[in-house]
Every structure is written in structure tokens, then in C-alpha cells.
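Structure assessment
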Amino acid sequence: MHCPSCQAKNADSAGVCLACGQPLRPLIRGTVLAKRYEIVEPLGSGGMGVVYKAHDLQLDEMVALKVLRADIAAQSARRFTSEIKLARKVRHRNVCAIHEYHEEGALRFIAMELVEGVDLRRVLKEHGALPPQEAYDVALQVALGLEAIHEVGIVHR
């Protein structure tokens, strides 16, 4: 089996890519994690893993699930749990709330507040640079969010 992310060859029985750590079988609509979170759709991906929109069946609300890359999560499980404990203390309008960290087989994921809207990258791509006042307002919101997480000892990488 070839990894859909990096195209590396892996054994057919492998759950994650040995080269990049991404899941070889993507989570599809209807997949339920932890007997609680039903995958609705992927929202995006980055250096840490893939983020999905999911329905919390227990609380009947939508959440975001960040499924961590296996190579990162396996090496850093203790660090992630301590960072989650700190992040749960942050209450700020510019920082999404963290609900829980969960491990299910090889998958490790973070359930967090789902913030609906359009991301800044898309806005910039579709409309170009922001006017100076809008850019200032966005930068200020980011800075205030970073200040809130710094106050509990988290340094965003």
C-alpha cells in the first residue's frame, strides 16, 4: 500500500505510514472514534496531523478533532497530555477550547471547540492583502490569543 500523503510504500497491514506517520486509511464520514465522535468531514491538515469536523454523539454538538500524526504522537504522548492540561485552563475568545486528549489504538486525537468560519489563508487567497486597519485587527486578535496561552505556560510552536 502506498501512503496517500507521501507516496511511500508500506505493508498492506500497516495502520500508519512508516515514512511520514500519517494514517494509511483515512477517516471517512461516519467513522466513530471513542464511541463518541462521528467524523463528518476533513477540515484541513498541517504539520501535526489532520483536523476533522465531527459530531459529538454524547453531547449532540459539533466539535473539531485533531488527529495527530502517529510518529509525533507516539514519541510525545506525555508532552501532549501535559500541554492539554495547560491548554484546558485557557479561557479566551481568541483561543479555541480544548475538550480532551484521547488514544484509540494507534490514533491519538484532541477534541476541541469547533470554530465555524473561513480561515485567514482562504481570505487572503481570494481577496488579496487586507487593508491596514483589518490587518492590524487580525494581528491584535492573534497577539491577545498568544498572550492568553503564554500566561499558562504554553509556547506556541
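Attention here is on the structure that accompanies the text. Fair warning: this is a prediction, and the values are worked out from it, not measured in the lab. Residue numbers restart at each chain and count upward from 1, following the sequence in its written direction. Reporting of local features is limited, given that this is a predicted model, to residues whose pLDDT is at least 70; pairs of side-chain atoms are given and counted only at 80 or more, and all residues count toward the totals for whole chains, interfaces and linings. As a rule here, side-chain values come from all non-hydrogen atoms in the structure, and water together with hydrogens is ignored.

1. Focus: the side chain of R36
Helical segments are the DSSP runs of H or I of at least four residues, strand segments are the runs of E of at least two, and each set is numbered from the N terminus. Relative to the helices and strands, R36 is located in the loop between strand 1 (32-33) and strand 2 (37-45). Overall, the relative accessible area of 19% leaves R36 in the buried class. Among the polar contacts made by the side chain of R36, one reaches the side chain of D56 at a distance of 2.9 Å. Nitrogen and oxygen atoms within 3.5 Å of one another constitute a polar contact, given that in protein one can donate a hydrogen and the other can accept it, and given that sequence-neighbouring residues count only through two side-chain atoms. Among the polar contacts made by the side chain of R36, one reaches the side chain of Q58 at a distance of 2.9 Å. Working rule for contacts: check all heavy atoms of both residues, and any pair within 4.5 Å makes them a contact. Those residues in contact with R36 that lie beyond four places of it in its chain are H55, D56, L57, Q58, L59 and E100. Think of it in three bands: residues with accessible area under 20% of the maximum for their type are buried, residues over 50% are exposed, and the middle band is partly exposed, with areas taken using a 1.4 Å probe on protein chains only.

2. Examining helix 2 (residues 120-127)
Burial within helix 2 is sparse, with just zero of its eight residues counted as buried. Its side-chain oxygen placed 3.1 Å from the backbone nitrogen of R121, D119 serves as the N-cap of helix 2. Of the residues trailing helix 2, G128 is marked for its positive phi of about 80°.

3. Examining the sheet that holds strand 4 (residues 61-68)
If you trace the six strands from one edge of the open sheet to the other, you get 1-2-3-4-6-5, paired in antiparallel fashion. Edge positions in the sheet fall to strand 1 and strand 5 (98-104), since each has one partner strand and no second. Looking at chain direction, strand 4 and strand 6 (residues 107-113) are connected through five bridges and run antiparallel. Residue pairing across strands places A64 opposite M112, the latter belonging to strand 6. Any two strands with at least two DSSP-identified bridges between them are counted as paired.

4. Looking at a nonpolar patch on the surface
Only residues whose relative accessible area exceeds 30% and that form no salt bridge enter a patch; like-charged residues are grouped when within 9 Å of one another, and nonpolar side chains (Val, Leu, Ile, Met, Phe, Trp, Tyr) when within 5 Å. In these tables, accessible area is a Shrake-Rupley quantity obtained with a 1.4 Å probe, and a residue counts as shielded only by the protein chains included in the view. Take a side-chain nitrogen of Lys or Arg and a carboxyl oxygen of Asp or Glu: if they are within 4 Å of each other, that pair is a salt bridge. Residues Y136, L140 and L144 make up a contiguous nonpolar surface patch of about 280 Å² in total accessible area. Take L144: it is sitting in helix 3 (residues 132-151).

5. Topic: unusual backbone geometry
Of note, A34 is a non-glycine position whose phi angle comes to about 55°, a positive value. Non-glycine residue K35 carries a positive phi angle of around 55°. Here K35 is to be found in the loop between strand 1 and strand 2.

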